[in-house]
Amino acid sequence: MGNVFSFWELTLIPKVEQFYKNKYLTAIRRTFYILIPFWLTISALDVINNLLIDPDGFLMGNYGLNLGFWITGGLTGEEFMNSQFAQVLLVYNRIVDIGYRIITILIVSILSRYLADIFESDKYLTIFCSLASFLMMTSTSSYIPNEMSDYFSRRGYFFAFVTAFASSWLFAKLSKIKRLQIKAPNSTVKEYAQYISKTIPIFLTLLVVSIFSLILALLSETADAFEAYIASLNLFQEPIFVMMYQFTVWFLWWLGIPGYAVTSKIMEVGYIPAQMSNQIGESAAIFTTGFFEAGVIHVMGLMIAILVFSQHESWRSVSKFSLPAMLFNVQEVLIFGLPVILNPIFLVPYILAPIANVLVGYFAISWGIVPIFQVDIPWTMPLILSPTIGTHSVMGGILQIVWLIMDIFIYAPFVITANAIEMEND
C-alpha cells in the first residue's frame, strides 16, 4: 500500500496538479465558487419547503406527520391537494423552482464571462450570445412547457454548461474574422463602432444555434424511440450497469463537473420511471431515484473520516463548516472547499464508496432486509430521515447508517495517508 501511495505522490500528483490548472476546468470551478452562496440559499429554501411547507412533504403530507389532514378538516389525496390551503402552500414551491431556474441562467452567464477571457472576445456580447443560445435551444427542444422546465432545473445544468461553451467558442471564432466585421463610418462614436462591428458574428452564431436546435427537434421522435428501446433492455436494474453508472457520476464530480446533471438522461429514462412504478405498486425495482439520493451519504463519510483521522487543521475546519449543508445532501461546500475536486488522494475512495453502497444496498433490498424505495423523496430531505420515509421503514434509515459506517472506513486510510503527505510538505 505504501508503494502505491508513493507512486501517487511522486508521479500522479504532479500530473493532476497540471490538469487542475486547465483553464477550462478553472472556469467551471470559478463559476461554482460564485454560485455556491446562491446555491446554498436556494437549497435552504428547498429544505424549508420539503420539511414544513410542501403539502406533500414531511409535515403536511400523508407520508409524514400529515398535519394537512387535520388543518383541512380531514381532506386527503386529490381533495387535499386541490384544497385552497394546499394551493396556497404550492406557491412557495414555485418560488423555490424559480430559484433553481435562476441558477441555470447564472451558470450560463458566469461561465460565458470567464470563457470570454479565455477566447479573448467581448465579455458582454459573449454573455448575450450564450444566454440567447440557451433560450433558443430550450424553446425548440421540447413542445411541452412542463418538459421544457427541466432545462431550467438541476437536470439542466449540464445543458447550460454545453451551450455556454459551444456558443462562446463559436462567437469568439467568428468575431475574429475581419471580413465579417461591419465597419462603421469614422465619425461614429468609438464604442458604437466597436459593438456594431460584431453584428454579423452574433447573427451567424444564433443562426447556427437555431438550425442545430431545429435538427434536434426533428430528431426528437427518433430519440424517443431509442430511449424506449434502451428502457426495454432493463439494464438499469443490473448491478454491473449501476456500478458503471455510479463510477461515471462520481468521476465527473471529481473533475468538477456535476455528475448527476451530465447523466440526467439515465435517471430520466431508467430510474424516475422505476421510482414511479414502485410508488403506484406496479413493480419492486431496487434501483430508483430514492436509492441514489440516499446514497449521497458517502460524502458525509468523508467528512467524518477527516474529523476523526486527520490532524490537518484546515481540512477539519472545512469539514465542520460543511456539516450543516451535508445534513441536507449539499456536498458542494465540502468537495470544493477541501478540495476533493481533482485531488488524487481522494479519487479512489470518492468513487469506491458509492459503488460499495450500491452493492450493499442491492443485497439488503434483494434479500428482503430493507424494503424497496416506494416514495420519491426530495433530494434535500435530511439524512437518515430520507431513506426512512422513502422505504416506509426504519430499515431504510438503518441501511444509510450502515453505508455511513462503511464509507468512513473506506475513506479512513486515504485520509490518514493524505494527512501524512501534507505534514511532510509542511
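The coordinates are above.
A. The arrangement of the packing of helix α8 (residues 157-175) against helix α10 (residues 199-218) in detail. Across the interface, α8 lies against α10 with an axial gap of 9 Å and an inter-helix angle of 145°. In this structure, α8 meets α10 at a crossing whose hand is right-handed. Across the interface between the two elements, Ser 167, Leu 170, Phe 171, Leu 174 and Ser 175 from α8 touch Pro 201, Ile 202, Leu 204, Thr 205 and Val 208 from α10. Residue composition of the contact of α8 with α10, by class: seven nonpolar, three polar and no charged.

B. How the structure looks around unusual backbone geometry. Of the consecutive residues Leu 338 and Pro 339, the connecting peptide bond is found in the cis state with omega at -5°. Among the secondary structure elements, Pro 339 is positioned in the loop between α18 (332-337) and α19 (344-366). Despite not being glycine, Glu 120 shows a phi value in the positive range, around 60°. In this structure Glu 120 comes out as exposed when scored by relative accessible area, which is 63%. Positive phi values are uncommon outside glycine, yet Ile 384 reaches one of about 70°. Secondary-structure assignment places Ile 384 in the loop between α19 and α20 (385-391). On the basis of relative accessibility, which here comes to 30%, the residue Ile 384 falls in the partly exposed class.

C. Region of the structure containing the packing of aromatic side chains. With the rule as written, the count across this model stands at 26 aromatic pairs. When the ring of Phe 32 is compared with that of Trp 39, the centres are 5.4 Å apart and the planes differ by 20°; the resulting orientation is stacked. Overall, Trp 39 belongs to the buried group, its relative accessible area being 3%. Three or more aromatic residues link up through ring pairs in this structure, and these residues are Phe 236, Phe 241, Tyr 245, Tyr 271, Phe 287, Phe 291, Phe 292, Tyr 362, Phe 363, Trp 367, Phe 373 and Trp 403.

D. Structural detail: helix α14 (residues 264-279). Of all bends in α14, the biggest is about 35°, found at Tyr 271, and the proline Pro 273 comes one to four residues later. Among the residues making up α14, those that are buried are Ser 264, Met 267, Val 269, Gly 270, Tyr 271, Ala 274, Gln 275, Ser 277 and Asn 278. Looking one or two places after α14, you find Gly 281, whose phi comes out positive at around 80°.

E. Just the side chain of Asn 49, in detail. If you trace the backbone, Asn 49 turns up in helix α2 (residues 23-53). Judged by relative accessible area, which is 0%, Asn 49 ranks as buried. For Asn 49, the contacting residues outside a window of four places in its chain are Asp 54, Tyr 92, Asn 93 and Val 96.

F. Local environment of the nonpolar core. Judged by nonpolar contacts, the single largest core of 96 residues is most densely connected at Phe 291, Leu 302, Phe 346 and Tyr 350. Here Phe 346 is in contact with Leu 302, Trp 315, Leu 338, Pro 339, Val 340, Val 415 and Ala 418, once residues within four sequence places are set aside.

G. Fine view of the packing of α2 against α8. Where α2 contacts α8, the axes come no closer than 13 Å and their chain directions differ by 135°. In terms of their interaxial angle, α2 and α8 are classed as oblique. Judged by the sense of rotation from one axis to the other, the crossing of α2 with α8 is right-handed. Across from Tyr 24, Ile 28, Phe 32 and Trp 39 in α2, the residues of α8 making contact are Tyr 157, Phe 161 and Phe 165.

Each value, and the rule that gives it
- Within each chain, residue numbers correspond to sequence positions counted from 1 in written order.
- Selection of residues for local features in this predicted model requires a pLDDT of at least 70, selection of side-chain atom pairs for listing and counting requires 80 or more, and totals for whole chains, interfaces and linings are taken over all residues.
- Side-chain measures were taken over the full set of non-hydrogen atoms in the model, leaving aside hydrogen atoms and water.
- Every angle, taken between N-to-C directions, lies between 0 and 180 degrees, and every axis is a line fitted to C-alpha atoms, over only the stretch in contact when it is a helix.
- Only DSSP runs of H or I reaching four residues or more are called helices, and only runs of E reaching two or more are called strands; each is numbered from the N terminus.
- Whether a crossing is left-handed or right-handed is set by the direction in which the near helix is turned from the far one by less than a right angle, anticlockwise for left-handed and clockwise for right-handed.
- The contact rule is simple, with two residues in contact once any of their heavy atoms fall within 4.5 Å.
- Gly falls in the polar group here, along with every residue not listed as nonpolar (Ala, Val, Leu, Ile, Met, Phe, Trp, Tyr, Cys, Pro) or charged (Asp, Glu, Lys, Arg).
- Note on exposure labels: buried denotes an accessible area under 20% of the residue type's maximum, exposed denotes more than 50%, and partly exposed covers the range between, all computed with a 1.4 Å probe on protein chains only.
- Stacked, tilted and edge-to-face are the three classes assigned to paired rings of Phe, Tyr and Trp, where Trp is represented by its six-membered ring and a pair needs centres within 6.5 Å; plane angles under 30 degrees give stacked, over 60 edge-to-face, the rest tilted.
- Here the bend at a residue is taken as the angle between two axes, fitted respectively to the seven residues that end there and the seven that start there.
- Nine residue types can take part in a nonpolar core, namely buried Ala, Val, Leu, Ile, Met, Phe, Trp, Tyr and Cys, and a core is a set of them joined through side-chain atoms within 4.5 Å.
- Roughly parallel means an angle under 35 degrees; roughly antiparallel means over 145; roughly perpendicular covers 65 to 115; every other angle is labelled oblique.

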